[in-house]
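Letter by letter, the chains look like this.
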Amino acid sequence: MHVKYREYFYFCSMIKKKAKIIILIIAGLGLVLGGVAAGMYYSIKSNAVAQAGEIYLPTGSTYGDLLESFSTGDIRLKNLKRFDRVACILDSEQSVRPGYYRVTEGMDYLEVARLFQRGWQTPVRVTFNNVRLLPQLAGKIGGQIEADSAMLSSVFMNDTIPPYYGFRKEEFIGMFIPNTYEMYWTVTPTGFLDRMKREYDNFWNEEREMKRTRTGLTRNEVMTIASITYEETQKADEMSRVAGVYMNRLKIGMILQADPTLKFAVGDFSIKRVLDIHKTVDSPYNTYMYAGLPPGPIYMPSVKAIDAVLDYEAHSYYYFCAREDFSGYHNFARTLPEHNRNAARYHAELNRRGIR
């Protein structure tokens, strides 16, 4: 064989041998990398939660605070170092977000890390009712979200806030419809107010607006009568009748003479028996002294009380008085003499029981 051909075949055989070696090296690297990838995947996607629970991360919390919570709080992870490695890959230690979180059984390390990195909070349920004054509302809300009662009260009582939402300050308590709402624990005071305004607008749906129009009342007037009605009776089946009495009085220009407004005017809500001296306090909330409705609600009325005003009972009663059996119900009257007889029986029972 010619020398030139021998050299050619030798060169080709060497190339083939080196190609095999390269292929084997690449295959080996592929197996190693595949093993590493499989290990990483297992680290990331394996079950991370040893004990499910909840955690509150206040505004300003750091990644270190989160790790400490895993060590001392309700939640336990199977491998905190593994979580730390996954969190570092996601750069979570630089972007932990405050909030209320629930870590549930079966979550993997990637899911747990992303929960706090992306701020996937669990909503909290915020409930309020039976509130008379805005600071009292702030106290109730302050225990359910991150903002404390002092912070909430300072916003609620700021004179510039009610006009922003379309209310006078005397009317502002009427914007809060008592209910249970889902929201994030980190909601700000103004964020809370924004939500309440949306809920208020949603509450006044087309059906309620049609009923309100038929009554001839504004929304604030409905809320004000509802607040007085709610203070007069806790009996849902009697609310529309009580509201009807006040509507009858308003229609003929008769003073309301509502005892609950006197308690509000005096500022003493513990009064069990309204006396003549209470009727002398000079206040726009004194409905024994001033005709028409007071400037705004004297209480946060229940939804039942609001709807009772919108569906007030059409009747010819102008008076009512608590029943002497203290059942919580009332005796209704069309005339003053009839009412005086009802009132005399009730006052006699008050005296017998020593209620002053």
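Residues numbered from 1 in each chain as written. Predicted model: local features only at pLDDT ≥ 70, side-chain atom pairs only at ≥ 80, totals over all residues. Heavy atoms only, no water.

Details of the overall build of the protein chain
Heads up, the condition is: Runs of E in the DSSP output that reach at least two residues are strands. Runs of H or I that reach at least four are helices, and both are numbered from the N terminus. Only protein chains enter the accessibility calculation, which uses a 1.4 Å probe; a residue is then buried when its area is under 20% of its type maximum, exposed when over 50%, and partly exposed in between. Working rule for contacts: check all heavy atoms of both residues, and any pair within 4.5 Å makes them a contact. Note on areas: Shrake-Rupley with a 1.4 Å probe; residue coverage comes only from the protein chains shown.
A count of helical and extended segments in the protein chain gives 14 helices and eight strands. Within the protein chain, the fraction of its 356 residues that count as buried is 42%. Partitioning the contacts of the protein chain with sequence separation of at least 6, the portion at a separation of at least 24 is 62%. Here the protein chain displays about 19400 Å² of accessible surface, and carbon together with sulfur accounts for 55% of that area.

A look at unusual backbone geometry
One non-glycine residue with positive phi stands out, namely Asn-130, at about 50 degrees. Along the polypeptide, Asn-130 turns up in the loop between strand E5 (124-128) and helix H5 (134-142).

Points about the packing of aromatic side chains
To keep it simple, the criterion reads: In summary, the pairing rule links any two rings of Phe, Tyr or Trp, Trp by its six-membered ring, whose centres are within 6.5 Å, and it sorts them by plane angle into stacked for under 30 degrees, edge-to-face for over 60 and tilted for everything else.
All chains considered together, the criterion is met by 23 aromatic pairs. When the ring of Tyr-164 is compared with that of Tyr-165, the centres are 4.9 Å apart and the planes differ by 85 degrees; the resulting orientation is edge-to-face. Tyr-164 sits in the exposed class, given a relative accessible area of 63%. Aromatic pair Tyr-230 and Tyr-299: ring centres 5.5 Å apart, planes at 40 degrees, arrangement tilted. Within this pair, whereas Tyr-230 is found in helix H10 (residues 219-232), its partner Tyr-299 is found in the loop between helix H12 (259-266) and helix H13 (303-310), the two being separated by 69 residues in sequence. Accessibility assignment for this pair places Tyr-230 and Tyr-299 in one class, buried.

A closer look at the side chain of Asn-220
Worth spelling out the cut-off: Two N or O atoms form a polar contact when they lie within 3.5 Å of each other; inside protein one atom must be a possible hydrogen donor and the other a possible acceptor, and for residues adjacent in sequence the pair counts only when both atoms belong to side chains.
The topology assignment puts Asn-220 in helix H10. For Asn-220, a relative accessible area of 17% gives the class buried. Only 3.5 Å separates the side chain of Asn-220 from the backbone oxygen of Pro-295, close enough to count as a polar contact. Excluding its chain neighbours within four sequence positions, the residues that come into contact with Asn-220 are Arg-168, Glu-171, Pro-295, Gly-296 and Pro-297.

A short note on H13
Buried within H13 we find Ala-305, Ile-306, Ala-308, Val-309 and Leu-310. At its buried positions, H13 is contacted by helix H8 (189-203), helix H9 (206-215), H10 and helix H11 (239-252).

Nothing here speaks to function; it is all geometry.
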